[in-house]
Amino acid sequence: MGLLDKLGLHRKKKVMVPFTFDKLKKDQTPGRFNREYILKILLCVTFLVLVVALYPKDIIPDLAYSIGEPWRDDDLTAPFTFSLLKEEAELQSEIRQIRETTLPIFLIDLHVEVRSLNQVDTIFARMDRVMESFVIWQQSQRGGSASAEADSLLFYRTREQSGIQLDGSAWNMLLSNYADIHLENRQTTRRPGTFIGRLLHNELTTLLGQLYSDGIIDISRNDIPTPEITIRNLRDRTQRDVRIQNVRGMRQARDYTRNQLLQRYDEDLVRAGMQILNQVLEPNLLYSPDDTEALVQERIDAISPTKGAVTSGQVIIRRGDIITQERHNMLQSLYRARLERATDIEVWKQYAGETILVVAIFLIFLFYIYLFRKNIFDHNQMLLLVFLILALVYAISAFVAHVEGLTPYAVPIAIASVLLTIIFDSRVGLMATMMLALTTGLMFGKSFEFVVATITAASMGVYSVRDIKDRSQFYLTTPVLIFFTYSLVLLGFTLTKVDGWGVYTGTMLYLVVNSVGIWLTYPLILLIEKTFKITTDVTLLELSDTNQPILKKLMLEAPGSFHHSLQVANLSEAAAAGIGANALLCRVGALYHDIGKLDKPQYFVENQQSGNAHDKLKPRMSALIIKNHVDAGIKMAKDIELPEMIIDFIRSHHGNSLIRFFYEKALNESDNEQEIQEEDFRYDGPIPNTKETGILLLADGIEAASRSMSDHSYQKLDNLVNRMVDDRLTEGQLNNCDLTFRDLATIKQVFIKILVGMYHARIKYPGQETGSISGSEIEVPSEDATASDRKS
């Protein structure tokens, strides 16, 4: 790293990192450093290649200038003659006109007419058989023949099997006409009359031929927007255009047939004829949406994208001129013409320029991580997490860039900002915001408006989740704040333009989608925590709920220890906030630090109702039980899958301090002091290694010691806090944590202030017994005893 030292880009000797995550132990075995370094380089290079690859290569970006803005560059003249592109509204108008004027295509089905006429012939042939059976029945009935009943059954069976769908009045009319003609003729020698069924048969055959010759369409004529239609004959490979008035729909075909029949026959016969027609009539011109759409697309593809041309040397726009829609279109046409005329070298030069800009912006972010966030840069797992979150946003940006009609404001950049802030800290979130806004702005035509609006809005999102208090921040506060900030910044840009309200209102929908996208951060955080084994404030908020099963069990089975944990949590949280440490982490660690007492709650004085269980035990056994609550707590925490950082609080909240009460008791009871080993009366440790665990060690001992005092005056509490903090410091319990003397002074002041509030004097009410005392006045071992002694 000699080159970085010369450039002033070396790390300081000590880097303060305000964020926390589960402990990542670095392997210092030989060769490990080289492998980690190579992997780190591969991560950075892979991320850069991915970002550059996601940049759109064939998309013409929107100009950095918008309609209504003044042209701030020098006068622009056409360097060569180029075609002028049609505006999007013009193209859409031509497409709309094509769709409105293209004639719908109908395919003629030549089999329909043959099938319908055959069905008419079949119906009347079956009708003749029915009529004949009816005449036979009537003759038998009139002649008194014994077969009359059988002939009757034969008639009804024949009519039923014919399948002819006629109502009763139609059947009666036809049967009556047929019987009159044939029964009369058989009794006389006159020539038989004509059956009206045959007349109806001939008339329907003629009318059907006319209808199919003109054409019957399968959709309503009212649904056809054009005055004509195209009829295609696939067999003859011909097509013709006919006026819509010359063809009929099914309703018009029935009306035409009815009118023609009424001119020749009475209403009863016409009704019978229409009932037969309804059984055979079907359209022979079938609408083909596929063929129609293919023709529409063919005509749309033939639309010319250009209109006229701009000649070489013609002034396109002068400095200070307002960019109108026409000039904006000329600028877009010039840009497209330049791309089309560009050689491979020019194209690669543009790609190289974009790549250099992306790399430069990325290096700013990477050097920030390297210089000021060592715990991210030195752990490839954390570096990979950062790159994955950034890559997610770049992938969304690339998708939006390739979808026509979407604006860059549909890209939820604030998701990455909020995620990185919650997982690490607000400064990482802000630096990532600036990098994403700049690179995404390059992707969308170097839009200055987008960059400013995105940095401002995403930064407000970072500020809103810097200190999470509840889940409503994800679903209400942060999205609303981001939407409002975006809207306000874009409103400012709109007011500086001559006419930009159309663009402003059109962007609102995308801003709503962008802001609502923040809702995805909550499930993403849960996924990241499970995958990368890290703990964020979101999980800590859930663990701080005293309705968690293990805390409710502690409250019911060891109420004294639960109350003690609550008071320690209050002390720790306030002290951590006072020195700028993680207050929420401190509170959660304090709530769970004594869950191991659930194993044997009766051996701890705060849970004893009567008598002391240690009176029957030897001092060494008592000390073993007392310090075993640490190991029991670690086991319980692992069983319920508490985060490792919370287990660290359980593991180190006593450090390796001496259980002095039982140690001195063992010395007093032993005849040979040499047999008493001090190590048997010490906690196994380790000592605290973070500010937060160090604060808990102090708060735990001081809260317990304060309960053994009979006098809770300010002076007594002040002496207790100062003495105990100094003792822990002298014993070396705070050697591995980053607490400074200034921090310790602040912690003392916070502890004293809260303890004074806890033990403030109370007024005795009338009738209260003179000799009564409060729970805080009950004495346990002397003030000189350690916290662990008093708690036992």
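Our structure's up above, just so we're on the same page.
A brief look at the structure comes next. All residue numbers refer to positions counted from 1 along the written sequence of the respective chain. For this predicted model, a pLDDT threshold of at least 70 governs which residues receive local features, and a threshold of 80 or more governs which side-chain atom pairs are given and counted, while totals over whole chains, interfaces and linings are taken from all residues. Only hydrogens and water are set aside when side-chain values are computed; all heavy atoms of the structure are taken into account.

## Details of the environment of Tyr178
Now for step 1: Strands here mean DSSP runs of E at least two residues long; helices mean DSSP runs of H or I at least four residues long; both are numbered from the N terminus. One can find Tyr178 in helix α6 (residues 168-187).
Now for step 2: A simple rule labels every residue: compare its accessible area, found with a 1.4 Å probe on the protein chains alone, to the largest value its type can have, and call it buried under 20%, exposed over 50%, or partly exposed in between. Given the relative accessible area of 4%, Tyr178 is considered buried.
Now for step 3: For the pair Tyr178 and Glu132, spaced 46 residues apart in sequence, the C-alpha to C-alpha distance is 8.5 Å.
Now for step 4: Residue contacts for Tyr178: discarding those within four places in its chain leaves Met131, Glu132, Val135 and Phe195. The contact rule is simple, with two residues in contact once any of their heavy atoms fall within 4.5 Å.

## Examining a nonpolar patch on the surface
Now for step 1: Taken together, Tyr475, Leu476, Val480, Val512, Val516 and Trp519 make up a surface patch of nonpolar side chains, about 530 Å² in accessible area.
Now for step 2: Listed by contribution, the elements that provide at least two residues to the nonpolar patch are α18 (472-495) and α19 (501-516).
Now for step 3: For the nonpolar patch, the element with the most residues is α18, which contributes three residues.
Now for step 4: With respect to the element layout, Leu476 can be found in helix α18.
Now for step 5: For Leu476, a relative accessible area of 53% translates into the label exposed. Patch rule: a residue counts if its relative accessible area is over 30% and it has no salt bridge; like charges are joined within 9 Å, and nonpolar side chains (Val, Leu, Ile, Met, Phe, Trp, Tyr) within 5 Å. Methods summary: accessible areas were calculated by the Shrake-Rupley approach with a probe of 1.4 Å, and residue burial reflects only the protein chains presented. The term salt bridge refers to a side-chain nitrogen of Lys or Arg lying within 4 Å of a carboxyl oxygen of Asp or Glu.

## Examining the sheet that holds strand β5 (residues 238-243)
Now for step 1: What makes two strands pair is DSSP finding at least two bridges between them. On the basis of which strands lie adjacent, the open sheet formed by four strands has the order β5-β4-β3-β6 and mixed pairing. Lying at the two open borders of the sheet, with one neighbouring strand each, are β5 and β6 (285-287). Averaged over all pairs of adjacent strands, the angle between their axes in this sheet comes to 35°, without regard to strand direction.
Now for step 2: Pairing analysis gives six bridges linking strand β4 (residues 228-233) to β5, with the strands arranged antiparallel. Bridged to Arg232 within β5 is Gln239. In this analysis, axes come from line fits to C-alpha atoms, helices being fitted only over the stretch in contact, and the angle between any two N-to-C directions falls in the range 0 to 180 degrees.

## Quick look at the side chain of Glu87
Now for step 1: Along the polypeptide, Glu87 turns up in the loop between β2 (82-85) and α3 (88-101).
Now for step 2: Two residue types count as positive, namely Lys and Arg, and two as negative, namely Asp and Glu; His and chain ends fall outside the count. Buried Glu87, no salt bridge; nearest opposite-charge side chain is Lys307, N-O distance 4.7 Å.
Now for step 3: Residues contacting Glu87, with those up to four places away along its chain left out, are Gln325, Glu326 and Asn329.

## Topic: helix α10 (residues 289-301)
Now for step 1: One fewer than the residue count of a helix, multiplied by 1.5 Å, yields its expected span. Here α10 contains 13 residues, and its C-alpha end-to-end distance of 18 Å stays within 8% of the 18 Å for a straight helix at 1.5 Å per residue.
Now for step 2: When we look at burial in α10, the residues that qualify are Thr292, Leu295, Val296 and Ile300. The buried residues of α10 all sit within an arc of 140° when viewed along its axis, so they share a single face. Exposed positions of α10 whose direction lies more than 90 degrees from the buried face are Asp290, Glu298 and Asp301.
Now for step 3: Elements that come into contact with the buried residues of α10 comprise α3, β3 (105-108) and β6. Note that the arc is computed from the directions linking the helix axis to the C-beta atoms.

## A few points about the environment of Asp180
Now for step 1: Within the secondary structure layout, Asp180 lies in helix α6.
Now for step 2: Spatially, the C-alpha atoms of Asp180 and Phe195 are 9.5 Å apart, while their sequence positions differ by 15 residues.

## Let's talk about the packing of aromatic side chains
Now for step 1: In this scheme Phe, Tyr and Trp rings, the latter by its six-membered ring, pair at centre separations within 6.5 Å, and the angle between planes marks the pair as stacked below 30 degrees, edge-to-face above 60, and tilted otherwise. Applying the stated criterion across every chain yields a total of 21 aromatic pairs.
Now for step 2: A ring pair is formed by Phe47 and Phe387, whose centres lie 4.7 Å apart and whose planes are at 10°; its orientation type is stacked. Highlighted residues: Phe47 in helix α2 (residues 32-54) and Phe387 in helix α14 (residues 380-402), separated in sequence by 340 residues. Of the two residues, Phe47 and Phe387, both sit in the buried class.
Now for step 3: Among the aromatic residues, those joined into a cluster by ring pairs are Phe47, Phe362, Phe387 and Tyr394.
Now for step 4: We note Arg159 situated over the ring of Trp171; from NZ or CZ to the ring centre the distance is 5.4 Å.
Now for step 5: We call a charge positioned above a ring when the Lys NZ or Arg CZ atom is no farther than 6 Å from the ring centre and deviates by at most 35 degrees from the ring normal. The ring of Tyr256 has Arg248 sitting right over it, with the charged end atom 4.2 Å from the ring centre.

Function cannot be inferred from these measures alone, as they are strictly geometric.
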